[in-house]
Amino acid sequence: MEKITIQNGKVLKLANVLIKKLYSVTLLELDEAINQMMQFIDVTGIQTCGPLITHVKGTYLTASGEVSVDYDIMIQTIGLTHIAGYDVKETYKTGKCLYTHFDGVVDDFHFAQNKLALYAWENEILTTGEEYIVYMENDGFHLIADIFRPLK
């Protein structure tokens, strides 16, 4: 039995989404930004429903040789809350995507991402290069997540 199965044409649909847009951040800054957003949500008492969602829009190599990313951190809320520094969307929907579900050790997560890339290559499917990850569970060792890669 396959551990990682791929579906083609799946759509990610979200409602009442709070979005923090990050541009040209390093991977170290990214972890800090995610922690800050989650702490902000806790402190302000924003009611959420559903897991943390990340959207990688692009990865770049800076002149100094560091990897930087354009990234959105998203979470669904109960009701719309307009907050300075955040975007809010009543509905958020991707186009058709390649999709897989991962349930395993954090260190093996790259296998799911690589299998999506291999599936696209083998089937001559063009993707946008973006990736959405919906984190259902992540305790640092065990990870349950859905991965969506939008199609061109």
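Notes on the structure in this doc start here. In this text the structure is predicted, and so the values were computed from the model without any measurement.

## Some thoughts on the pattern of salt bridges
Side chains that differ in sign of charge can pair as their charged atoms come close. Scanning the entire structure with this criterion turns up 3 salt bridges. Here Asp87 makes a salt bridge to Lys21, at a shortest N to O gap of 3.9 Å. Of this pair, Asp87 sits in strand E5 (residues 87-93) while Lys21 sits in strand E2 (residues 13-26), placing them 66 residues apart in sequence. When the shortest N-O distance is used, the salt bridge between Lys57 and Asp72 registers 3.0 Å. A residue pair is termed long-range when its members are at least 10 positions apart, and Lys57 in strand E3 (residues 52-61) and Asp72 in strand E4 (residues 67-76) qualify at 15 residues.

## Some remarks on the state of the cysteines
Here a disulfide denotes one covalent bond, and it connects the sulfur atoms of two cysteines. The final tally for this structure, using the stated rule, is 0 disulfides. Take Cys49: it sits in no disulfide, and the sulfur closest to it among the cysteines is that of Cys97, at 20 Å. Judged by its relative accessible area of 34%, Cys49 falls in the partly exposed class. Cys97 gets classed as buried once you look at its relative accessible area, which sits at 0%.

So, how was this worked out
- Residues numbered from 1 in each chain as written.
- Predicted model: local features only at pLDDT ≥ 70, side-chain atom pairs only at ≥ 80, totals over all residues.
- Heavy atoms only, no water.
- Salt bridge = Lys/Arg side-chain N within 4 Å of Asp/Glu carboxyl O.
- Helix = DSSP H or I, 4+ residues; strand = E, 2+ residues; numbered from the N terminus.
- Disulfide = S-S within 2.5 Å.
- Buried < 20%, exposed > 50% of the residue type's maximum accessible area, 1.4 Å probe, protein only.

Function cannot be read off these values alone, since they describe shape.
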